[in-house]
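Overview (structure and organization)
Spelled out from the first residue to the last, the chains are:
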Amino acid sequence: MDAYKKRALITGVTGQDGAFLAKLLLEKNYEVFGVVRRISTPNFWRLNHLGILDKITLVSADLTDVPSLSEAIRRTNPDEIYNMAAQSFVGSSFDQPIHSALTNGLGVLNIIEIVRNLKESVKIYLASTSELYGDSINLDGVQNEETPFKPNSPYALSKLYSHELARIYRKAYGMFVSAGILFNHESELRGLEFVTRKITNSVAKIKFGLQDELRLGNLEAKRDWGYAPDYMEVVWQILQYHKPDDFVIATNENHSVREFVEEAFKIAGLDWKLYVRVHAQHKRPYEVPYLKGDYSKAKRELGWKPKTSFKELVKLMVESDLNRWDNHLKGKIFSWDAPNHSENLNYLYRAKDL
Ligand code: NAP
Ligand code: GDD
């Protein structure tokens, strides 16, 4: 008889984390379902790049659309739900605060309430964030699970709402709802609007003469940057822990945007001062100046620690973008571009058809 395959439902499977997590869970022999919402141009490039588009079942739903979400959860009947879906760009949350609140706040409430009504035993992972801290820092210069939250953006506030839901539903109903307070994590599959990928993609384009300058905002902000696949390993571990809990996931090291810029241009053999310009347009109305995470609880309780250093991270991202643009200029298709979008839609199911 075949061993029971655990079933995982991932929301945000077309995003950076959801895609890496889907790959990891497939390697762990899970049956993987992914929630995909309707957008005008299907967004399967990460799943294509990782070679897993035909290995997972995609279900059409939206976090803010209860009937579709409820049907997706009911039909896929998961043991574990990983909620990676969000309006995740802090800058956009100032432009679209209500959309951010609906998706990141009420969208999460929708998931938890559906599970409470359907099958309380389903384990739920929530993607909390270091943005919750705003400019709150411990005396020793780090943030951990005890540091007070002081959100500085509509994004962070929406995430505080969902973070507190985890605590409330554990206490009120004994539900298994865990939250990873993840500090920034990046990769070759990071969205192009986030500062790290914006830099590495621009470095590659400048190197090949396709771009003249790189416009950035605040160069002095400090972030604790890790590598996304390292972090998805511990996301899984958090749901295997014996009880629902909160964990800070970070590297305990931080660097400024300026340092990231210097390192990225150096790898490509370029002098950053010739190309980088600061523009007010890219500055936030209210900034989070400093993030540095103390992950000692995750190390102690889960035996986890990050594997990829800052320099390794910058190098792998720059090399990936150099390689991608080099291939493009040689007339080869971007390895992660979908060959045919409409073909890919064949993988998308309505929950009722499962
Ligand atoms: P991402 O690349 O922006 O992916 C976000 C995903 O959410 C995409 O798949 C997106 O779908 C989906 N989504 C957005 N709104 C939705 C809705 N209403 N219904 C269904 N799906 C929706 O983000 P990420 O970097 O992978 O981050 C994953 C999660 O971790 C997010 O919750 C983020 O806030 C949180 N987080 C990220 C970091 C980080 O450094 N990466 C750190 C801390 C916490 P489309 O493809 O259709 O847009
Ligand atoms: N995006 C962007 N673009 N950021 C810039 C730029 C620019 O041109 N110039 C400077 N920055 C600064 C931002 O002001 C911020 O201080 C820092 O670079 C990092 O910005 P992002 O890469 O956009 O990430 P974030 O820290 O705001 O948010 C990310 O990490 C959070 C966890 O701390 C996102 O992934 C969030 O979803 C996540 O919760």
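Preceding this section is the structure that the text describes.
All values derive from a computational prediction rather than experimental measurement.

Looking now at the site of ligand 2. Inspection of the region around ligand 2 gives 24 residues, with Ser88, Thr129, Ser130, Tyr155 and Asn184 positioned closest. Between ligand 2 and the protein, one listed contact pairs a nitrogen atom with a backbone N or O atom of Glu193 at 2.9 Å. At the level of secondary structure, the elements contributing two or more residues to the shell around ligand 2 comprise α7 (195–207) and β8 (214–216). Of the residues that constitute the shell around ligand 2, the class distribution is nine nonpolar, seven polar and eight charged. Built from parts of two domains, the shell around ligand 2 gets at least three residues from each of domain 1 (7–186 + 224–249) and domain 2 (195–223 + 255–287 + 309–353).

What follows deals with the packing of aromatic side chains. One pass over the full model with this rule turns up 12 aromatic pairs. Ring geometry for Tyr169 versus Tyr173: centroids 5.2 Å apart, planes at 50 degrees, classification tilted. With a gap of four residues between them, Tyr169 and Tyr173 both fall in helix α6 (residues 154–173), about one helical turn apart. We classify Tyr169 as buried; its relative accessible area is 8%. On the basis of relative accessibility, which here comes to 35%, the residue Tyr173 falls in the partly exposed class. Aromatic pair Trp225 and Phe310: ring centres 6.3 Å apart, planes at 25 degrees, arrangement stacked.

Cut-off values and rules
- Residues numbered from 1 in each chain as written.
- Chains lettered and ligands numbered in written order.
- Predicted model: local features only at pLDDT ≥ 70, side-chain atom pairs only at ≥ 80, totals over all residues.
- Heavy atoms only, no water.
- Near = heavy atom within 4 Å.
- Polar contact = N/O pair within 3.5 Å; in protein donor to acceptor, adjacent residues only side chain to side chain.
- Helix = DSSP H or I, 4+ residues; strand = E, 2+ residues; numbered from the N terminus.
- Nonpolar A, V, L, I, M, F, W, Y, C, P; charged D, E, K, R; others polar.
- Domains from an automatic or database assignment.
- Phe/Tyr/Trp six-rings, centres within 6.5 Å; stacked < 30°, edge-to-face > 60°.
- Buried < 20%, exposed > 50% of the residue type's maximum accessible area, 1.4 Å probe, protein only.

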